[in-house]
Amino acid sequence: MYKDVPIRFCFTHDRVRQAIYSLITDNERAQIHLSIGYIYLEVFQEEERTDLLYDLVNHLNIGRPLIHNINKRIELSDLNILAGNTAKKSTAFAAAENYFAIAQSLLPEEQWAKTPEKYFKLLLEHANVALLSGNLTLSDSLCNQLSDIAQSNIDKAAISIIRVQILEYQSKHQEAIDEVRRSLRLFDIHLPENDQEVVQKIHEGIFKLKNYLDRITIDGLKKLPEMKDPEKIIIMQMVFQMVPAAYQSNPQLFVLISLMMFELTCDHGVSPLSCKCFTDCAIILGSALGDYETSYRLAKAAFSLLNRLEAEAFRAAVCYGFTFTSYMRAHYSESLSYYDMSFYKGLETGDIHHAAFALADKLLLLLYTGKNLAECIKETENAITYLNKINISMPQLLAQIIHYMIQKFKLIHNEKKERSFYKKDQEMLETLKSTNDFGFLCRFYILNTYLNIIYGRMDDAEKWNNMAQEMIHSAGLVQDYSVIDHYMFQGLIICSKWTNLCENEKNIAREDLSNIQQKLKHWMENCPANFAHKYYLLTAEIAIIDGAAIDTVDEFFRKALESIGSNDFIQFRALCNELYGQFWPALKESGVKILILRITK
């Protein structure tokens, strides 16, 4: 009567189960679990009930001391590998780590020696999930074990990829770069080490990039055949793994390796890594050539390729890379949404590295676009709590910098606090210099310029701005949102000290202002929603020092204010109104009357 009705039994309270369980001897307990596990296994195999995988493996693992038959132990080892891979896909990295460890322990070394490829793959997966679960010591130990049994250059490169990630988690950028350099030599690829050669190779790479885009076209890139050569695939993986360390500590090398990946893609076919390569090369097209329209289209093509290859594991990386192109063509809210996508997709797929950077970089963009400081600090504190849990040092540091700068913005008029800020600034600078991260150091300089500009402290702003300018020129930094604000700040600083300059200084300053104005105009033409107010504000200040007609100056200030969206850039709206107000007292009485008459017509 009830044979087709599934029936399950359970204890009414966990304490009842625990009490009974405690009365069973260890041997009896193992036997019971083993019996239950084999019942589950029979159903799992006959009915393909994948939902039973964890239950059957967990029961059999408890009873494994009673399994003596080598074939049964091999079977259980394979089941643990399957459970580990399934757990990894679900981002249950600690559980996956445990399954892989049990899989390895079930068989003696002489048995594993009969299947070296299988053993290598198991240890590699174990090292990978140990890394993802934050167990860097275990991951490094497994890499050492893997090095002893690696049989091919591809095997050695696969180990190197995990070592690089371990070093990046520890912010050892140069060591990570050196590790990739050594591994690339296995395939007769030698990355240039001196700056002059790197620059030369970059010029050659950009020339090739433009030729590829002309010959293949962006639409054609999406349709290229898939990369099949195992050596080319592992080279792409190694170079890809080098990107974060190069971007943070050696921006020119970042440009070079991105161009290398693009060339490999065009010559040997696309792979999931090509998707991220497209977004990185899109950044280069914008930063180096100012071609933001093509840059945006190339970055968008990355998503089409991502969908074609069903490469969800790389979506977090692509979303993150896209944010560095998006703001040059679309309202900054698009970048904010892609930071969120990168974060949540990173959590879903296990790409914790890009998730962490997306979370931290979003905080920076919120601060530059004038979001309410209370909103900024709440989001920053939530981010810091999460970043401390996963313990990836550089995103942690960026979030701490932003939190500190928000405090400075809020307490700048408190003299006691200002003295403590000076000491804290020096501590921050020492920390940043010790990381050798030029990008973060430059961001700190620009943030301090930003703060002093907003509060009208132009002498202090100039000191910070000069340090940022030196860093931008010497390090060849890839442009991000803060760099555009840096140039506007630089222009405002020059205008503020104009009357104190001698004629020779004015001639030099005039050329600098012209260059900055042209940059801002180009950026405005590409994305007025984000940059029109910056261009018109500086143009109004230049018009004042040029002695332009009153209505001309007035028109530029008005355009600056009108170009700011209702909920955007409230800090620059305030700055614009303040400078606009300062313009009025400087007018002669007759000039004021003329302007009043014109306004009231």
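Because the structure is a prediction, the values reported are computed rather than measured.

A. Seen up close, the overall build of the protein chain. Secondary structure assignment for the protein chain yields 30 helices and zero strands. Along the three orthogonal principal directions, the C-alpha set of the protein chain runs to about 105 × 60 × 50 Å. Taking all 601 residues of the protein chain together, the buried fraction comes to 53%. Within the protein chain, contacts between residues at least 6 apart in sequence are counted, and of these 65% link residues at least 24 apart.

B. Geometry of the side chain of H533. Inspection of the secondary structure assignment puts H533 in helix α27 (residues 528–545). Residue H533 is classed as buried on the basis of its relative accessible area of 2%. At a separation of 3.3 Å, a polar atom in the side chain of H533 contacts the side chain of K534. Setting aside its immediate chain neighbours within four residues, H533 contacts A560, S563, I564, F569 and F572.

C. The arrangement of the nonpolar core in detail. Residues L79, F444, Y450, L537 and F557 are the most contacted members of the largest nonpolar core, which totals 142 residues. Here this core gets 13 residues from one element, more than from any other, and that element is helix α19 (residues 352–368). With sequence-adjacent residues up to four places away left out, L537 is seen in contact with M488, L492, F557, A560, L575, C576 and L579. Grouped together as the second largest cluster of nonpolar side chains are 67 residues, I202, M261, V270 and F278 included.

D. The pattern of salt bridges, seen in detail. Here the structure, examined in full by the defined rule, presents 23 salt bridges. E204 serves as the salt-bridge partner of K201, at 3.9 Å between the closest nitrogen and oxygen. Of the two residues, K201 and E204 are both situated in helix α11 (residues 195–216); the distance of three residues between them amounts to about one turn of the helix. Residue K201 is classed as partly exposed on the basis of its relative accessible area, which comes to 34%. With relative accessibility at 34%, the residue E204 sits in the partly exposed group. As a salt-bridge pair, K362 and E379 come within 2.8 Å of each other at their nearest N and O atoms. With a gap of 17 residues between them, K362 in helix α19 and E379 in helix α20 (residues 373–390) connect regions that are remote in the sequence. By relative accessible area, which is 25% here, E379 ends up partly exposed.

E. How the structure looks around unusual backbone geometry. In the Ramachandran plot, T217 falls in the positive-phi region, its phi being about 70° despite a non-glycine side chain. Along the chain, T217 falls in the loop between α11 and α12 (218–221). A positive phi angle, near 50°, is found at E310, a position not held by glycine. Mapped onto the elements, E310 comes out in the loop between α16 (292–309) and α17 (315–326).

F. Layout of the packing of aromatic side chains. In total, this model carries 35 aromatic pairs according to the counting rule given. The interplanar angle of 15° and the centroid separation of 5.8 Å between the aromatic rings of Y450 and F489 together place this pair among those described as stacked. Taken together, the residues span a long stretch of sequence, with Y450 in helix α23 (residues 438–454) and F489 in helix α25 (residues 481–496) at a distance of 39 residues. For the pair formed by Y450 and F489, the shared burial category is buried. Between the aromatic rings of Y450 and F572, the centroid separation amounts to 5.9 Å while the plane-to-plane angle is 35°, which identifies the pairing as tilted. With Y450 in helix α23 and F572 in helix α29 (residues 570–583), this pair connects stretches of sequence that are 122 residues apart. The class of F572 is buried, set by a relative accessible area of 1%.

About the thresholds
Residues numbered from 1 in each chain as written. Predicted model: local features only at pLDDT ≥ 70, side-chain atom pairs only at ≥ 80, totals over all residues. Heavy atoms only, no water. Helix = DSSP H or I, 4+ residues; strand = E, 2+ residues; numbered from the N terminus. Buried < 20%, exposed > 50% of the residue type's maximum accessible area, 1.4 Å probe, protein only. Contact = heavy atoms within 4.5 Å. Polar contact = N/O pair within 3.5 Å; in protein donor to acceptor, adjacent residues only side chain to side chain. Core = buried A, V, L, I, M, F, W, Y, C linked by side-chain atoms within 4.5 Å. Salt bridge = Lys/Arg side-chain N within 4 Å of Asp/Glu carboxyl O. Phe/Tyr/Trp six-rings, centres within 6.5 Å; stacked < 30°, edge-to-face > 60°.

Don't take any of this as a statement about function, it's just geometry.
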